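Chain and residue survey
Here is how the chains run, residue by residue.
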Amino acid sequence: ECPDENNLKFSIKKYVTCSGSGYVTEPIHIFADSRMGAEELAGYPCAGLGQGQDVDTIGYIVFCKSRACNKAFYLWWLRDIYIPWVKKLRQMNGLLDTDPILHTEDGELGQIEIFLEGADSDLQKELKENIIHILKLCASSTEIQQPLDHSATFLSSKTSLKHIRE
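Residues numbered from 1 in each chain as written. Predicted model: local features only at pLDDT ≥ 70, side-chain atom pairs only at ≥ 80, totals over all residues. Heavy atoms only, no water.

1. Observations concerning the pattern of salt bridges
- Under the counting rule described, the total for this entry stands at three salt bridges.
- The shortest N-O distance in the salt bridge between R79 and E126 comes to 2.7 Å. Highlighted residues: R79 in helix α1 (residues 71-92) and E126 in helix α3 (residues 121-129), separated in sequence by 47 residues.
- With a relative accessible area of 25%, R79 lands in the partly exposed category.
- E129 is the salt-bridge partner of K125, the closest N and O atoms lying 4.0 Å from each other. Of this pair, K125 and E129 both sit in helix α3, four residues apart, which is roughly one turn of the helix. (Salt bridge = Lys/Arg side-chain N within 4 Å of Asp/Glu carboxyl O. Helix = DSSP H or I, 4+ residues; strand = E, 2+ residues; numbered from the N terminus. Buried < 20%, exposed > 50% of the residue type's maximum accessible area, 1.4 Å probe, protein only.)

2. Digging into the packing of aromatic side chains
- This structure, assessed with the given rule, holds ten aromatic pairs.
- Considering the side-chain rings of Y60 and W76, the 5.4 Å spacing of their centres and the 80° angle between planes classify their relative orientation as edge-to-face. Within this pair, whereas Y60 is found in strand β4 (residues 58-64), its partner W76 is found in helix α1, the two being separated by 16 residues in sequence.
- We classify W76 as buried; its relative accessible area is 18%.
- In this structure an aromatic cluster arises from ring pairing among Y15, Y60, F73, Y74, W76, W77, Y82 and W85. (Phe/Tyr/Trp six-rings, centres within 6.5 Å; stacked < 30°, edge-to-face > 60°.)

3. Overview of α1
- Over its 22 residues, α1 extends 30 Å from the first C-alpha to the last, a length consistent with the 32 Å expected when each residue adds 1.5 Å.
- A maximum bend of about 40° is found in α1 at L78.
- For α1, the capping residue at the N-terminal end is N70, with a side-chain oxygen 3.2 Å from the backbone nitrogen of A72.
- Taken from the residues just after α1, G94 is the one with a positive phi, measuring 65°. (Expected span 1.5 Å × (residues − 1). Bend = angle between axes of the 7 residues up to and from the residue. Polar contact = N/O pair within 3.5 Å; in protein donor to acceptor, adjacent residues only side chain to side chain.)

Encoded structure:
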């Protein structure tokens, strides 16, 4: 059941990953829902919310308690979005399955806790099998390195959301 507008905080986040060659994952539109539990996640694929103007492109609408998301979100994203996307990128770019992939991740605890020692061993195994290396940076440091954060697409939406909140 989708939350009604009276229970949503006005907090929207768009989550997309971009490769060094310019390919992007399906966009995820994240809404904060104050009724949800801290580790609860509700996600829905939605035709027409993907990249481009094709009505069949898939994007996702996700509800979490906070726009910072939670462990359930990052596990879902890695398993269902990111790892399949990496496999597709390897094929599209003529890379071998044995070519390593480096993924940088912001050092915020919520984003990196799934990679810490003793964390989800199944995920660690999947990352190792797919030769995906995770580079954990200092908290809040990736913004200066992320081209999408500085692109006209995201800059205009971030500016608009900032003015709406003010």
